[in-house]
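# Architecture and fold: a report
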Amino acid sequence: MEAPQVPNPIGADAQYDLLFRSYLNSGEKTGELLSQIEAQLTEIQSQLTRVRIASATTSRFPGGSIAHRLFRRLLRRHLGESLEAVSRANHLTVESIRLTVKLWEDIYRHEIEMERRTRSGMLDRLAVVDAMQIQLELLEEDLSDLRSKD
Amino acid sequence: MPIHQVVVGAAVGDAITSMALNIRDVLCVSGESKIFAVFPDSSVLDEVHPIHELSDEDDSKTLIYHSSYGVRELTARLVCWKGDLVLQYHNVTPDHFFEDIDSEFAEGLRWGKKELEVLRPKVVKAFADSTFNASDLLIRGYQDVEVLPTGVDSQKLVDLAPDIRIANYYRHLFPNGYVIAVSQLLPHKRMELAVAAVHQVRELWGIDLGLVIVGIERSGTYSGAVRAYAERLLGGGFRMTGRLNDRQLSTLLRHATMYLGMSEHEGLSIPLIDSMALGVPAIVRNVGAVAETCGDGAVLVEHSAGASEIAKTIADIARDTSIRTALIGRGFERAKSFEKNLILNQFSDALSKVLK
């Protein structure tokens, strides 16, 4: 039979290539993304540290330095606590991203394993069906032998 | 005279291991013969010995070294070997294919090529699987390289009884047939081309063929991408089986509509030989030793061919019974030239001449 002439779709090969590259790159991006996030969080932390250092000012107003020292101490304590909280939050965020990635990987592995087990289970069932089919054929043969003897 | 063999890696279903086992069966006739491996898989430990069991007392004996990858410690041992050294070259994959995914492995490949030069003064006889592989040795100063795919057995899968369970399962899964691609899952094997081509065969040419990818997944990144890509393009129309034993592979090949070989680099394609021997029409890219392996027993597409051209070739063959029949006949004939005993006899003759 003559095959119908269908022209090759223009640009299809390049599109296929692009699509595959997007899948290939996505696997490599996870680590890169994590280090980018870590770098950004470190940057935030260092900016907060700079704010704390900048708050160490002296007062030009008479009698103002005691109030300012008090204010500065309060501000420092407040910023220190905030900084610690941000630092803890940073750590938790990075950890939770790590755990999420690990969870994704575990789910993916689990799915693969489940698929493998399902496939192997199906093969086993098909084998049972095969065996039953053979048994059925044998029984039918026996039955027809018995009938012919009767 | 005892002759031992050394391979780098050994596993069930591995082509070089199978070849070494076939050679051993011949060598055993004239004396003790063992196979040693640097990285033996637990599945072959009853047949293959770890390299540390190769004792210094043996070092006056002849050693056949199957070269495919470089391990510096092994090279050092081979250089110091007092007995005759015979080289069976199976090709070392160019390292640039692995540079981005496994730089350590790429380093081993680079050393594998370098090792050929280091060992050259020691080698009393060199064999290569193909003319393509022989050219690798010739440019490294080897002379009198004999082209012989020693240990290849085109009938290996032919005599195996099919696994009915697998046959039924795939018949049920792909009632209109499937295209099969057999290879380790590595970037240079270009499995994504097979996925894209089958997608186009289904969507553009309206032929409902499935795709079965058989082979060990050596790179998680690459095989993950191929799986996701195939899920997107083919949905349930594909399966990735992982490594199979000979009987399972024989069953899947025998029932396939077509074999696809999309690799960027081949020193000698054993799955192609198996397909031809089993009467499966094959479409392969013209790279490395593929053309000399298949002769006129398969359809060659140009190395530059994209998914669209490959899809059209698949569609042409799937629709035209006369092309398919002719291909099957030519494939059978071509596979006969890889008859195990014929090649092993030539190997024994060549070996006895140099080891007199």
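Residues numbered from 1 in each chain as written. Chains lettered and ligands numbered in written order. Predicted model: local features only at pLDDT ≥ 70, side-chain atom pairs only at ≥ 80, totals over all residues. Heavy atoms only, no water.

This brings us to the overall build of chain B. Broken down by element type, chain B carries 13 helices and 13 strands. Scaling as 2.2 N^0.38, a compact globule of 356 residues should have a C-alpha radius of gyration of about 21 Å, and chain B matches this with 21 Å. For the C-alpha atoms alone, the extent of chain B along its principal axes is close to 65 × 40 × 35 Å. With 356 residues in all, chain B has 58% of them scored as buried. Here chain B has roughly 13900 Å² of accessible surface; of this, 50% comes from carbon and sulfur atoms. Separation between the mean location of the 36 positive side-chain charges and that of the 46 negative ones in chain B comes to 3 Å. (Helix = DSSP H or I, 4+ residues; strand = E, 2+ residues; numbered from the N terminus. Rg over C-alpha atoms; globule rule 2.2 N^0.38 Å. Buried < 20%, exposed > 50% of the residue type's maximum accessible area, 1.4 Å probe, protein only. Areas by Shrake-Rupley, 256 points an atom, 1.4 Å probe, with all protein chains shown as cover. Lys, Arg positive; Asp, Glu negative; His and termini not counted. Charge placed at Lys NZ, Arg CZ, Asp CG, Glu CD.)

So, on to the confidence of the model for chain B. Confidence in the prediction of chain B, expressed as mean pLDDT, is 92, and 99% of residues score 70 or more. Scoring of the predicted complex yields 0.73 for pTM and 0.83 for ipTM. (pLDDT = per-residue confidence, 0-100.)

Residues in a regular strand point their side chains to alternate faces of the sheet. All names here are of chain B. The alternating pattern of strand β11 (residues 258–261) places Met258 and Leu260 on one face and Tyr259 and Gly261 on the opposite face, and all of these are buried. Relative to β11, strand β8 (residues 178–182) is paired through 2 bridges, and the arrangement is parallel. Of the residues in β11, the one forming a bridge with Ile180 is Tyr259. As paired elements, β11 and strand β12 (residues 282–285) share 3 bridges and run parallel to each other. The residue of β12 that forms the bridge with Leu260 is Ile283. One crossover worth recording links β11 to the parallel β12 by way of helix α9 (residues 270–277), and it is right-handed. (Pairing = 2+ DSSP bridges. Right-handed = clockwise from strand over helix to strand, strands pointing away.)

Further remarks concern a positive patch on the surface. Where like charges cluster on the molecular surface, the positive patch consists of A:Arg69, A:Arg73, A:Arg76 and A:Arg77. When you line up the elements, A:Arg76 lands in helix α2 (residues 64–149). (Patch = residues over 30% accessible without salt bridge, like charges linked within 9 Å, V, L, I, M, F, W, Y side chains within 5 Å. Salt bridge = Lys/Arg side-chain N within 4 Å of Asp/Glu carboxyl O.)

The next subject is the interface of chain A and chain B. Each side of the interface is counted separately: chain A has 26 residues, and chain B has 32 residues. Both sides of the chain A and chain B interface together cover about 2700 Å² of buried area, and 63% of this is carbon and sulfur. At the boundary of chain A with chain B, the tally comes to 0 salt bridges. There are 7 residue pairs in polar contact (both at pLDDT 80 or more) connecting chain A and chain B. Elements with a minimum of two residues in the side of chain A that touches chain B: α1 (12–54) and α2 of chain A. No other element matches α2(A), which puts 10 residues into the side of chain A that touches chain B. Residues of the side of chain A that touches chain B, tallied by class, amount to 18 nonpolar, 2 polar and 6 charged. (Contact = heavy atoms within 4.5 Å. Buried area = accessible area lost by both parts, 1.4 Å probe. Polar contact = N/O pair within 3.5 Å; in protein donor to acceptor, adjacent residues only side chain to side chain. Nonpolar A, V, L, I, M, F, W, Y, C, P; charged D, E, K, R; others polar.)

All names here are of chain B. On the basis of which strands lie adjacent, the open sheet formed by 7 strands has the order β3-β2-β1-β4-β5-β6-β7 and parallel pairing. The sheet terminates laterally at β3 (48–50) and β7 (146–147), the two strands that pair on one side only. Where strand β6 (residues 123–128) lies against β7, 2 bridges are found, and the strand directions are parallel. Pairing of Phe127 across the sheet is with Glu146, part of β7. Lying over the sheet, helix α13 (residues 340–354) contacts β1 (3–10), β4 (62–67), β5 (85–89), β6 and β7, oriented at roughly 165° with respect to β6. (Axes fitted to C-alpha atoms, helices over the stretch in contact; angles between N-to-C directions.)

Residue and element names in this part refer to chain B. Look at helix α6 (residues 191–203) against helix α7 (residues 220–234): their axes get within 10 Å of each other, and the N-to-C directions meet at 5°. Considering their axes alone, α6 and α7 lie roughly parallel with respect to each other. Together, Met191, Glu192, Val195, Ala196, Val198, His199 and Arg202 of α6 and Tyr222, Val226, Tyr229, Ala230, Leu233 and Leu234 of α7 make up the contact between the two elements. Class assignment for the residues of the contact of α6 with α7 results in 10 nonpolar, 1 polar and 2 charged. (Parallel < 35°, antiparallel > 145°, perpendicular 65-115°, else oblique.)

Residues and elements named next belong to chain B. All told, the structure shown has 22 salt bridges over all chains when counted by the stated rule. For the salt bridge of Lys114 with Glu117, the shortest nitrogen-to-oxygen distance reads 3.5 Å. Residue Lys114 and its partner Glu117 are both found in helix α3 (residues 103–119); the two are separated by 3 residues, about one turn of the helix. You can call Lys114 partly exposed: its relative accessible area is 41%. Among the ionic pairs, Arg285 bridges to Glu264, the shortest N-O distance being 3.0 Å.

This brings us to the packing of aromatic side chains. Throughout the structure, instances matching the rule amount to 10 aromatic pairs over all chains. Their ring planes at 50° and their centres at 4.7 Å tell us that B:Phe127 and B:Phe347 sit as a pair that is tilted. Of this pair, B:Phe127 sits in strand β6 while B:Phe347 sits in helix α13, placing them 220 residues apart in sequence. Each member of the pair, B:Phe127 as well as B:Phe347, is classed as buried. When the centroid spacing of 6.0 Å and the interplanar angle of 55° are considered together, the rings of B:Tyr170 and B:Tyr178 count as tilted. As far as the burial class goes, B:Tyr170 and B:Tyr178 line up, both buried. Taken together, A:Phe20, A:Tyr23, B:Tyr222 and B:Tyr229 form an aromatic cluster joined through their ring pairs. (Phe/Tyr/Trp six-rings, centres within 6.5 Å; stacked < 30°, edge-to-face > 60°.)

Before going further, it helps to spend a moment on α3(B). Residue and element names in this part refer to chain B. Taking 1.5 Å per residue, 17 residues should reach 24 Å; α3 reaches 24 Å between its end C-alpha atoms and fits that length. Looking only at α3, the buried set comprises Ala106, Gly108, Leu109, Trp111, Gly112, Lys113, Glu115, Leu116 and Leu119. Where α3 is buried, its residues touch β4, α2 (72–79), β5, β6 and α4 (131–138). (Expected span 1.5 Å × (residues − 1).)

Right, let's get into the environment of B:Leu253. Residues and elements named next belong to chain B. Along the polypeptide, Leu253 turns up in helix α8 (residues 246–254). Among the residues examined, Leu253 registers a relative accessible area of 0% and is labelled buried. In this structure the C-alpha to C-alpha distance between Leu253 and Ala167, which are 86 residues apart in sequence, comes to 10.0 Å. Apart from the residues within four sequence positions on either side, Leu253 is in contact with Leu157, Ile180, Val182, Tyr259, Asp274, Ser275, Leu278 and Val280.

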